[in-house]
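Analysis of the macromolecular model
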Amino acid sequence: MVGGGEGAFIGAVHRMAARLDDRWTLVAGAFSSDPERSRAFGLGLGLDPDRSYGDFAEMARAEAARPDGIDAVAIVTPNAAHFAPARAFLEAGVAVICDKPLTTGPAEAKALSDLVARTGLPFVLTHNYSGYPMVRHARDLVARGVLGPIRVVQAEYAQDWLARDLPGNRQADWRGDPDKAGPGGALGDIATHAFHLAAFVTGETPSAVSAETSRFVAGRRLDDDVQARLRWAGGARGQLWASQVAIGASNGLRLRVIGADAALDWSQEEPDYLRFARLGEAPQVLRRGGPGLSPAAEGATRLPAGHPEGYLEGFAQIYADAADLLLAHRAGQAPPDRLSGLPGVREGVEGVAFITAAVRSAAADGAWISLSEEAA
Ligand SMILES: NC(=O)c1ccc[n+]([C@@H]2O[C@H](COP(=O)([O-])OP(=O)(O)OC[C@H]3O[C@@H](n4cnc5c(N)ncnc54)[C@H](O)[C@@H]3O)[C@@H](O)[C@H]2O)c1
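Treat the numbers as computed from the prediction; the structure is a model and nothing was measured. (Residues numbered from 1 in each chain as written. Predicted model: local features only at pLDDT ≥ 70, side-chain atom pairs only at ≥ 80, totals over all residues. Heavy atoms only, no water.)

Thoughts on helix 5 (residues 106-119)
Where we set the bar: In DSSP terms, a helix is any run of H or I states spanning at least four residues, a strand is any run of E spanning at least two, and both are numbered starting from the N terminus. What a helix is expected to span follows from its residue count: subtract one and scale by 1.5 Å. Each residue is placed in one exposure class: buried if its accessible area under a 1.4 Å probe, protein chains only, is under 20% of its type's maximum, exposed if it is over 50%, and partly exposed if it falls in between. The arc refers to the directions leading from the helix axis to the C-beta atoms.
Relative to the 20 Å expected for 14 residues at 1.5 Å per residue, helix 5 spans 20 Å between its end C-alpha atoms, a close match to the ideal helical length. Among all positions of helix 5, only Ala-109, Leu-112, Leu-115 and Val-116 are buried. Down the axis, helix 5 shows its buried residues gathered within 125° of arc, on one side only. Of the residues in helix 5, the exposed ones pointing more than 90 degrees away from the buried face are Ala-107, Ala-117 and Arg-118. Backbone geometry just after helix 5 places Gly-120 at a positive phi near 70°.

Quick look at the sheet that holds strand 3 (residues 95-98)
Defined as follows: By the convention used here, strands pair only if DSSP detects at least 2 bridges between them.
The parallel open sheet is built from 4 strands, whose spatial order is 1-2-3-4. Both edges of this open sheet fall to strand 1 (2-3) and strand 4 (123-125), since each of them pairs with a single strand only. Examined bridge by bridge, strand 2 (residues 72-76) and strand 3 share 4 bridges and lie parallel to one another. In the strand pairing of strand 3, Val-73 is matched with Val-96.

Here we look at the UniProt feature "domain: GFO/IDH/MocA-like oxidoreductase" (unreviewed entry) in the chain
Applicable threshold: UniProt positions are given in the numbering used here, feature names are shortened, and annotations may be inferred rather than shown by experiment.
Sites flagged by UniProt as "domain: GFO/IDH/MocA-like oxidoreductase" (unreviewed entry) map to residues 135-263. Within residues 135-263, the helical portion is 28% and the strand portion 31%, while the C-alpha atoms at the span's ends are 13 Å from each other.

Digging into the pattern of salt bridges
Here is the rule we go by: For salt bridges, the criterion is a side-chain nitrogen of Lys or Arg within 4 Å of an Asp or Glu carboxyl oxygen.
All told, the structure shown has 22 salt bridges when counted by the stated rule. Between Asp-140 and Arg-144 there is a salt bridge, and its shortest N-O distance comes to 2.7 Å. Using a relative accessible area of 52% as the deciding quantity, one classes Arg-144 as exposed. Sharing partners across several salt bridges, the network here consists of Arg-23, Arg-136, Asp-321, Asp-324 and Arg-338.

Section: the side chain of Glu-313
Rules: The positive count covers Lys and Arg only, the negative count covers Asp and Glu only, and His and the chain ends enter neither. Between N or O atoms, a polar contact is any pair within 3.5 Å; within protein, one atom must be a potential hydrogen donor and the other a potential acceptor, and residues adjacent in sequence are included only when both atoms are from side chains. By the convention used here, residues are in contact when the closest approach between their heavy atoms is within 4.5 Å.
You can see Glu-313 is positioned in helix 11 (residues 311-330). For the buried Glu-313, no salt bridge is present, and the opposite-charge side chain at shortest range is Arg-302, 6.7 Å distant. Polar contacts involving the side chain of Glu-313 include one to the main-chain amide nitrogen of Gly-310, which spans 2.8 Å. Look past the residues within four positions of Glu-313 in its chain and what remains in contact with it is Leu-20, Arg-302 and Pro-308.

Considerations on the environment of Gly-341
With respect to the helices and strands, the residue Gly-341 is situated in the loop between helix 11 and helix 12 (345-363). For the pair Gly-341 and Arg-136, spaced 205 residues apart in sequence, the C-alpha separation works out to 9.2 Å.

Quick look at the packing of helix 1 (residues 10-20) against helix 11
Put simply, the rule reads: Every angle, taken between N-to-C directions, lies between 0 and 180 degrees, and every axis is a line fitted to C-alpha atoms, over only the stretch in contact when it is a helix. Working definition: roughly parallel below 35 degrees, roughly antiparallel above 145 degrees, roughly perpendicular at 65 to 115 degrees, and oblique for all remaining angles. Left-handed describes a crossing whose near helix is turned anticlockwise from the far helix through less than a right angle; right-handed describes the clockwise counterpart. Put simply, Ala, Val, Leu, Ile, Met, Phe, Trp, Tyr, Cys and Pro go in the nonpolar bin, Asp, Glu, Lys and Arg in the charged bin, and everything else, Gly too, in the polar bin.
Between helix 1 and helix 11, the shortest axis-to-axis distance is 8 Å and the interhelical angle comes to 70°. When the axes of helix 1 and helix 11 are compared, the pair comes out roughly perpendicular. Handedness of the helix 1/helix 11 crossing: right-handed. Residues Ile-10, Val-13, His-14, Met-16, Ala-17, Ala-18 and Leu-20 of helix 1 lie in contact with helix 11, whose contacting residues are Tyr-311, Leu-312, Glu-313, Phe-315, Ala-316 and Tyr-319. Grouping the constituent residues of the contact of helix 1 with helix 11 by class yields 11 nonpolar, 1 polar and 1 charged.

Let's talk about the site of the ligand
Operational definition: Consider each residue's heavy atoms; a residue with any of them within 4 Å of a molecule or strand counts as near. Where accessible areas are quoted, they stem from the Shrake-Rupley method and a 1.4 Å probe; at the residue level, only the protein chains shown are allowed to cover. Where each domain begins and ends follows an automated or database-derived domain assignment.
As a matter of local geometry, the ligand sits amid 29 residues, with Gly-5, Ile-10, Asn-79, Asn-128 and Gln-171 nearest to it. Between the ligand and Lys-100 there is a distance of 2.9 Å, counted from an oxygen atom to a backbone nitrogen or oxygen. Contact distances for the ligand include 2.5 Å between an oxygen atom and a side-chain N or O atom of Gln-171. Protein contacts shield 90% of the accessible area of the ligand, which totals 850 Å² for the unbound molecule. Broken down by secondary-structure element, the contributors of at least two residues to the shell around the ligand are strand 1, helix 7 (170-175), helix 9 (186-202) and helix 11. With 4 residues, the top contributor of residues to the shell around the ligand is helix 7. Per-class residue counts for the shell around the ligand are 12 nonpolar, 12 polar and 5 charged. Looking at which domains feed residues into the shell around the ligand, each of domain 1 (2-121) and domain 2 (131-307 + 343-375) supplies at least three.

The structure is reproduced here in C-alpha cells:
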C-alpha cells in the first residue's frame, strides 16, 4: 500500500476490503510522505520491518528485487500523489490498484495509459460503487436490452460535509487545494463516481458535457457543487449533480436510467435494492440475494438476502476481481468475460477527461465540450 497512514480515510477501507475474501494479504507499504511516520505505521500494522518503507520509490525498487515481492500495490494517496507511485510500480513490473481520480490532468492520465499498454500489467481503478451486486444487475439489464434504447440518465452524488469551512480537517484540507486535489473539488471527488456509475450501468461513456460549477463556501478555491448535463452518442440525455453542500445528505449517490421499455433506480445508501419498472406494469423492488438476478449480481453476493451487505463488500468485490485479473494475467490468459466492466486505466482516463471538460465548460458558461477530445 502507498498512502493510508495514521488518520487516513480510504486506506483503512482498502485494507479491510482487500482482506474480506481472503484473496490478498498486506505485506508492505509506504504509508505517509514522512519517512519516519511511514515506517512507524507499517510496524504498527505488524508488517515486517524490512517491508515498512520510508517512501514509495524505495518500496518499488526493493519489492521488485525480492523473490517474494508484492503482487500488486494499492495507491490511496491524495489525487496529485497517484501518478508518481503508479508510474514507479508499473515500471518496476508491479500491477496497480489505484483510487480515483486517476491523475490530476490528462497528460499524466495518458502517460499511465501508455505505460499500462506497454507493460501489459493489470491496472484497476477503485470505482468501488461498480462492485455492488445490484449495480451489476442494473448493468446486466441494460446490456441485455431489457430497458430498450436508453433515453434518460440521471446521476447524483450529494454530501453535506463541506457545507461549511472545515479548517484543520485533513481530508477537507487537501480536497480544497488545487495542488493536491487537481482542478476539481466535488467534481474530482464525487462527480467522477457518479459519472463512472452512469457509464458502467449504461455500458456507454458519455460523449459530451456542459457544466456549471460553484464555490458556495467563502474562500473555497475549488468547486463544491456541480450541475452538469451529459450527452451519449447513442442518443441518451442526462444530468449529473454532485454537491458537498447538500445539507442532510451523507453519501447520496443515486442513478436512474430510463429506457424506452423499462427503467431502473438505485441508491447507494440502500444498496441491496434496485427499483425496476417496465412500462405499463407495477414497479418492482429487486433485492440482492433474491430470485431472478443475473449471474453478475449473484457472483458479487456474499450473504443470503436479508443480511445486509454494503460499502465494504462492494469495495471487496473490486479487490476480488482484481485478484482474478492478476491470476489470468499470470497464467497468460485473457481476463474472463465477467471482468469486462472492471474499471481500469481506460476508465481513469475517461474520468480525468470528464473533470477537464467540465472545468473548461464551466469557464465557458456551460459550453458543450466533447469528452473524446479531452481524452485524446
Ligand atoms: N473510492 C472511494 O470511495 C474513495 C473515498 C475516499 C477517497 N478516495 C480517494 O482516495 C484518495 C485518498 O483519500 P483519503 O480521503 O483517504 O485521504 P487522506 O488524507 O485521508 O489519506 C491520504 C494518505 O496518503 C498519505 N500520503 C500522502 N502523500 C503520500 C506519499 N507521497 N507517499 C505515501 N503516502 C502519502 C497521507 O499521509 C495519508 O495517510 C484520494 O485520491 C481520494 O479521491 C476514494
